[in-house]
Amino acid sequence: VGPISVDVKKTLPKFNVEFVPPKPDLYTVDVFWSNRSVKSSPFIIDTRPPVYPENVKCGELLFTLPGEPASLTADTSTAGPGTLTAKCKGDKSGNVDVEIIATSKDEYSISFRPMNEDIYTLSVFFDDQEVNDSPFTGNLLSYPDRVEHTGTSLPEETGDPVALFFDAKDAGRGLPTAKAAGESVGPISVDVKKTLPKFNVEFVPPKPDLYTVDVFWSNRSVKSSPFTIDTRPPTRPENVECGDLIFSVPGKPASLEADTSTAGPGTLTAKCRGEKSGVVPVEIDETAEEKFNISFLPKREDIYTLSVFYNTTEVRESPFVINLHPEKLAEEIIEMPVFSEMPVESIFIPGDFDDEVPKEPEDEEEKPLTLFIEDPLNLMIGTEKEGELVATASGEKTGPAEIDVSRDKDDKHIVLFDPDKPDLYTIDVKWNEEHVPSSPFLVKYIRRTDPSKCRIFGLKDFPPVYQPDDEISFGVDAQNAGDGKLLITADGPSSKKKKSKIEIRSSEDNPAIYNITYHPTASGLHRLHIHWADVPIPGSPVTFQVGDGRPVQSYAYGEPVSLEVHSTTGMKDLVCYAVHEDSGKQFDLNTSELREGKFIFFFEDPGFYWIHIQDNGKEIPGSPYRIRYANPPDPGACKVIGFNSKGYLAIPTHFSIDCSKAESGSLHVKATDPSDDGQSDLKITDEKNGIYSVEYIPKTVGIHQFKITWARASIPGSPFHINVTEFLPEIKTVLKGESSVNIVALGESAEVQIDNVGQHEGDDFIIAHASGEKSGAAEVAVKKEEESYFISFIPSAEDDYTFEIKIKDDDVEGSPFVIKAVEKDSLAKDFIHPEGACHSDVLVGQDVNLIVQANEAKAASDLTVRNEGPAGECDTSVSGEVEGKVGLSFLPTTPGDYLVHVMEKDEDVSGSPFKIRVLGIKSRVTLLKEFSESQKLGDPVEFHVSTIRAGPGNLRITSTGPGKAEVKVIDNKDEVYTCEFKPRVAGKYHLNILWNGEHIRGSPYLLNFLSSHKSLAVFGLELEHVDFHVGVPYMFKLDCEEVGQGILQITCRPQNAAEINLIPVGAHNHYHCEIIPREPGNHVIAVQYNDKHILGSPFNVHFSPSSDASKCQVIQSSVENVEEGINKVTLCVSTEGGGEGELLASVKDAATKEQLPIIVSRSTENEKQYTLEFSIRQGMEYLVSITYGEQHIPQSPFKLSFAGPKGAAHCHAEGEGLNSVQMGKWSQFTVNTADAGPGELSVKIEKEGEAIEPAKIITPLPGNQYEVGYLPTSLGMYTISVLWGDEHISESPFEVRSYHPANASLLSIPEAVSETYIDQPLQFTVKAEDVSEEGELEVILQSPGKMISGQGTKGEDGNYTCTVYAPEPGRYTAHVRWNGEHILGSPFKVKVMTPPKPENVRAYGPGLENGYVGQEGNFTVETGEGGA
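Not measured: the values here are computed from a predicted model.

1. Re the overall build of the protein
Across its full length, the protein carries 2 helices and 134 strands. Residue burial in the protein is summarised as follows: out of 1428 residues, 37% are buried. Carbon and sulfur atoms form 48% of the exposed surface of the protein, whose accessible area is close to 80,600 Å².

Okay, here's the thing in structure tokens:
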């Protein structure tokens, strides 16, 4: 109200200040004494009525889909004066703008627009205090895999529809769509009928066919989609009549006749297999209507099995068997076969095997079999008589080794040897103390060679200038580098008296760790070239600067250089100058600054300097001085490695900071966590090579910040943030196959294994999808075993599949996986290759080892091997046979292509001839360090090319890409070249590195240079993914600065389908672009610059028709009382002027949120009008939502209610005081009379039929509620009658038992049960061993309208076993009380489900009757009546 008059009444020394408030307000009173404020002035006087934020009544948060407004109503009429505010935040979207509009006095609409699938939280405040029920949560996430297919209705007569029923109650926000196609009729129309959360997909089959129905939720396939509906008449495979199988000799066709005339519609198929021949092609020819001839060609002596199927079901009398194999004359001893990558040996011991069996003479030149560690050796040994098999293994260096002997189902012995250490092993296998054939076996195990796994350690961060005869020590760790030899060569000066030398010593504890000592004997630059298996290791060459014998003083950048100088003639007469060691530049030094007998100098350029100090033209003693002036600190050169923006509570997170190129400086890391005390642990370790390791253990959930500085300046990217959550999945993914594209044979499973996931469960824990490029979605199986998950699918067709796996909405490592499915025959033909073949790193002088697949060979002598090389035939050795696999090896001496022919019976085996390319000496040219995937535009990329031992040649480097690039090549005169590559324009470049005109290994290299501008003209748009709508503009920006001057053009085909506007911004080729769709349908948009398409152009786009829900309105309504308390509501909605769209409606009980049935029908007379019919109860409030084209029509959603009779039945009471109480303790319950109309509350208490008057208090609460408190004074049953007026309220009277007081906190529930089945008891334990007093345990299972009593049985240990049965599925609350008081852990929630019924699951098909090795077996499992 502003300033008002004040009256000061004085009776000094006392006085009064008085004023009359004109209206309720917040008043400020300033009081002065001699024109100065008295103590505590000004005074605040609040005459406004009190504020009750708890009285603000908010409606339900209403929301539909992303992009549509979400809103709720708020009523502040009983909350007093105050201001209503709100804020909204999405879990992923962040803060969202909120709009508050006053719809009437004290009533408001609070709304926001969620744009993404997300979980949104809306908090509502009144006078800065959060109101009741706030915050409100809106989940707009959609979960297609949670849509449940509840059933299918098939047509009984022609013209009846097929209906598939779905329930999306747990699928979040979304809209259902569907499409269907018949195998012969093609695509057909589908009708989706929605009464969400349930919906039906219906179609009328035009004719009997096999139909595929794809069902989508929010444009993503629902679980088990696509669905297959077969409306064809039933088939009877048992009615197929087959004749005799007619055959003669190998090489002549075998055939039989089949008659399907009485078997119904279907397809006849057949397959044939020989015991040795494998799969044999089968031909089926139709000789007459529904009569067929089935034939195949047996090429060799064998036993053949022909299986005949009709609609995948095997026919009667199938399979048919013919024997074209001669009788065996005698048993043979199977010779030692060849080893493969996973060797399996077969040895047969005949019945007459005894001590007298002569031994084969030992081969003095017998070479051991060479295998890699992790490749186990298997021996399979069969016998005809009883005896004992003993196997032992011993390493030449490692001594006795573990070896396993077991038996398989055919009673054959299996000997398994899988050592973990390299060595030459002797394996003795004896039967009844005698060696079996070929025993003992010699096997040499080695590690795979990988020089890149070598690691140099022990070098200093910034090596000092060493002096002659210093010992320079470091080490090389080759533990993981496999088989090889360490070779170190040095180039550097030596003194005349003795040469610089290298000492290499293996560690006593671990021979694969080498200690290196280098003794330089002369000053200069020394390089050590380090090779493993003739290949340079990472970090090679190592360089050292050796000085002239005096120590070199180092100074940090900006630090003054101080030299202590003594002169006999006077300091001022000295002449000082400095020479920069690298440039040779000389400049005078100022000698006027003298501090404590020391000259002080300052330098600008970093590097090594020689400082000369002369007295009368002569160097003073000690001059010249050599010093090092460090480079300035470069925080921009610091890199954070391995930083993960996600972390987990109390679990260490690790990352590194590489400051090796940042020059001198100090590192500082400041971590800030969300808590006030900042107790999270931070540990920084200096690794002494310019790299710092950081370990951080977060102690609170939330966003943690890291500010990282070097030399007090922030490094790039700082500050960094980690979002810490409570969940930690320790994920390990294992996918079959080692390449980026995994090869899987049809019928075989593509499987990913995830380990150590703990006990986390839930339908949304793991989400997996597999989809073929051509074949579409594939069914994925998720299986849990202990703490591991196995996710798999079986590809159904030759296709390229994408296999995506998420844990808690995050991709697992490696996801999405790329999988190629091929036929098994194709897999054997195309992908079984010699080990090492077709690899570019096969060099002249290296052994080539091959493993190939034979057909029938029993021994190496059954094969003919011919190796044709560039210099003629090359000698090739054959090493035996194991299960049809043969090992070959040869040593190439000339570079070029080698063709290895492996012949069996004058025919090439599978894959033969094998082509192997052998590279010459030029292949020794290597790139010393691989390129990173992305580079920053403007920074040159420096790399080194080694030509050590490559011989004379010429290095040439070129590039192809979107622009010109600068290339520098510097010959270091040490067979290593330093190169720089710097392009001018961002984009992808192919870098060609050639030696003597030919690409080196790995060339050309792909480098992607990124600009801070991220030019779309270079990197392209994604217009094909934009959701265009007719009349709705779509705007974007294009930056063409990096591609030079030119003209931008954007066109649409057809031209009148869209309006396109281009607005140039500034003078740097920047554009604002606007596309306004005008015509619905599929169109093409081209974006061209200087008449050339940018990346991705032209784009195929779709313009959806636009609808305008604001033009729709309810034009008529009616209400009909159909029975007592029930009203039928009919609404007529007009969509005139609203364009094309779909009208949807729903009715929800405002209190229970229950969806009511509603019928939506379109008028046959006016297609722009719809009729909505639904029934509601009197006295209840409902929310009616009507949308058109996914947008609410005006006023929707709106409330609807019809007054019903009010009274006591509309009052409700709840609270512990109505369940059980304790004598002498006050008990309370609340009564809600808001919906009861006028009346008066009264409470009567009786004990065992007699009215009593214990102390009781009835307290009115805001919102027409009352709190009733009473004090039980004795034990026993109380009857509490709660009346509104003269009538009992709902559920009154209440029966309450009074107990003797007891300490319920001594009892606890160690492990509450969260789920059970209706036919199983809910059983749990109550720990009561510390209870000494007597009491009664009460167990109650409660749900709305239901209360089930249970029992607790006391055991010998003093603990209770509690049991209670739930009568039906649902969600319950379990209450456990001791003498009327809740124990620790009570109450808790329980979900009761329908149990699975495995006896109702049926499996059938040929795959469960018989099968063939290597072929898929198919069968069907029906789970329709299988329950949960």
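2. Structural notes on the pairing of strand E105 (residues 1113–1123)
Note that E105 and strand E106 (residues 1126–1134) share 9 bridges and pair antiparallel. Paired with glutamine 1113 across the two strands is serine 1134, which belongs to E106.

3. Some details on the sheet that holds strand E125 (residues 1322–1326)
Here we have 3 strands laid out as an open sheet, ordered E125-E129-E128, and antiparallel in their pairing. Pairing within the sheet leaves two strands with one partner each, and these edge strands are E125 and strand E128 (1351–1354). Sheet twist, expressed as the average angle between the axes of neighbouring strands with direction ignored, equals 25°. Where E128 lies against strand E129 (residues 1360–1364), 4 bridges are found, and the strand directions are antiparallel. Within E129, the position partnered with lysine 1354 by the bridge is tyrosine 1360.

4. A look at unusual backbone geometry
In this structure, the amide linkage connecting leucine 196 to the following residue, proline 197, adopts the cis form with an omega of 10°. By secondary structure assignment, the location of proline 197 is in the loop between strand E20 (191–195) and strand E21 (198–203). Geometrically, the link from serine 718 to proline 719 is a cis peptide bond, its omega value of 0° lying close to zero. Phi at glutamine 1195 is positive, roughly 75°, even though this residue is not glycine. Structurally, the position occupied by glutamine 1195 is in the loop between strand E112 (1191–1192) and strand E113 (1198–1201).

5. A short note on the environment of glutamate 975
Checked against the element boundaries, glutamate 975 lands in the loop between strand E92 (965–971) and strand E93 (976–983). Between the alpha carbons of glutamate 975 and serine 946 there is a distance of 6.1 Å; along the sequence they are 29 residues apart.

6. Section: the side chain of histidine 580
With respect to the helices and strands, histidine 580 occurs in strand E54 (residues 574–580). Note on histidine 580: relative accessible area 10%, which makes it buried. Engagement of the side chain of histidine 580 in a polar contact is seen with the backbone oxygen of proline 606, the distance being 3.0 Å. In this structure, histidine 580 is in contact with Lys585, Pro606, Gly607, Phe608 and Tyr609, ignoring residues within four places of it in sequence.

7. Some thoughts on the pattern of salt bridges
Taken as a whole, this structure holds 24 salt bridges when the rule is applied. Taking the shortest distance from any N to any O, the salt bridge between lysine 453 and aspartate 450 comes out at 3.5 Å. Put simply, lysine 1225 and glutamate 1381 hold a salt bridge, and the shortest N to O gap is 3.5 Å. Of this pair, lysine 1225 sits in the loop between strand E115 (1220–1222) and strand E116 (1227–1232) while glutamate 1381 sits in strand E131 (residues 1381–1382), and the two are 156 residues apart along the sequence. Here the salt bridges do not stand alone but share partners, grouping Lys501, Glu503 and Arg505 into one network.

8. Brief notes about the environment of aspartate 106
Relative to the elements of secondary structure, aspartate 106 occurs in the loop between strand E11 (98–104) and strand E12 (107–112). Once residues lying within four places of it in the same chain are set aside, the contact partners of aspartate 106 are Ala74, Asp75, Thr76 and Ser77.

9. Points about a positive patch on the surface
On the surface, a cluster of positive charge is made up of Lys169, Lys198, Arg1371 and Lys1391. Checked against the element boundaries, lysine 1391 lands in strand E132 (residues 1388–1393). Take lysine 1391: its relative accessible area is 31%, and that puts it in the partly exposed class.

10. A look at the sheet that holds E106
Taking strand neighbours across the sheet as the criterion, the 4 strands line up as E105-E106-E110-E109 in an open arrangement whose pairing is antiparallel. Bordering the open sheet on either side are E105 and strand E109 (1159–1162), each of which pairs with just one other strand. Ignoring strand direction, the axes of neighbouring strands in this sheet form an average angle of 20°. Of the pairings in the sheet, the one linking E106 to strand E110 (residues 1169–1177) comprises 9 bridges and is antiparallel in character. Bridging from a neighbouring strand, threonine 1130 pairs with glutamate 1173 of E110.

11. What about the nonpolar core?
Residues Phe1324, Val1326 and Trp1378 are the most contacted members of the largest nonpolar core, which totals 25 residues. Contributions of two or more residues to this core are made by E125, strand E126 (1337–1343), E129, strand E130 (1370–1378) and E132. For this core, the leading source of residues is E130, giving 4 residues. Membership of the second largest hydrophobic core comes to 23 residues, among which are Phe1028, Leu1038, Cys1073 and Val1087.

12. Looking at the packing of aromatic side chains
Under the definition given, this model contains 29 aromatic pairs. Between the aromatic rings of phenylalanine 19 and tyrosine 27, the centroid separation amounts to 5.5 Å while the plane-to-plane angle is 50°, which identifies the pairing as tilted. Ring-pair connections join several aromatic residues into one group, and the members of that group are Phe643, Phe655, Tyr696, Phe706 and Phe720.

13. Some remarks on the confidence of the model for the protein
Looking at the protein, pLDDT values average 80 and 86% of them are 70 or higher. Between residues 327–364, whose pLDDT stays under 50, and residues either more than four places distant or in other chains, the model counts 81 contacts. In the model, residues 736–740 has pLDDT below 50 throughout and makes 5 contacts with residues more than four positions away in sequence or in other chains.

14. Quick look at the pairing of E106
Burial of E106 is extensive: 7 of the 9 residues sit out of reach of the surface. Between E105 and E106, which pair antiparallel one after the other, the connecting turn spans 2 residues, and glycine 1125 there sits at a positive phi close to 80°.

15. What to know about the side chain of serine 134
One can find serine 134 in the loop between strand E14 (129–130) and strand E15 (136–139). One polar contact links the side chain of serine 134 to the main-chain amide nitrogen of valine 124, over a distance of 3.0 Å. Discounting residues that sit within four places of it in the chain, serine 134 has contacts with Leu122, Ser123 and Val124.

What counts as what
Residues numbered from 1 in each chain as written. Predicted model: local features only at pLDDT ≥ 70, side-chain atom pairs only at ≥ 80, totals over all residues. Heavy atoms only, no water. Helix = DSSP H or I, 4+ residues; strand = E, 2+ residues; numbered from the N terminus. Buried < 20%, exposed > 50% of the residue type's maximum accessible area, 1.4 Å probe, protein only. Areas by Shrake-Rupley, 256 points an atom, 1.4 Å probe, with all protein chains shown as cover. Pairing = 2+ DSSP bridges. Axes fitted to C-alpha atoms, helices over the stretch in contact; angles between N-to-C directions. Polar contact = N/O pair within 3.5 Å; in protein donor to acceptor, adjacent residues only side chain to side chain. Contact = heavy atoms within 4.5 Å. Salt bridge = Lys/Arg side-chain N within 4 Å of Asp/Glu carboxyl O. Patch = residues over 30% accessible without salt bridge, like charges linked within 9 Å, V, L, I, M, F, W, Y side chains within 5 Å. Lys, Arg positive; Asp, Glu negative; His and termini not counted. Charge placed at Lys NZ, Arg CZ, Asp CG, Glu CD. Core = buried A, V, L, I, M, F, W, Y, C linked by side-chain atoms within 4.5 Å. Phe/Tyr/Trp six-rings, centres within 6.5 Å; stacked < 30°, edge-to-face > 60°. pLDDT = per-residue confidence, 0-100.

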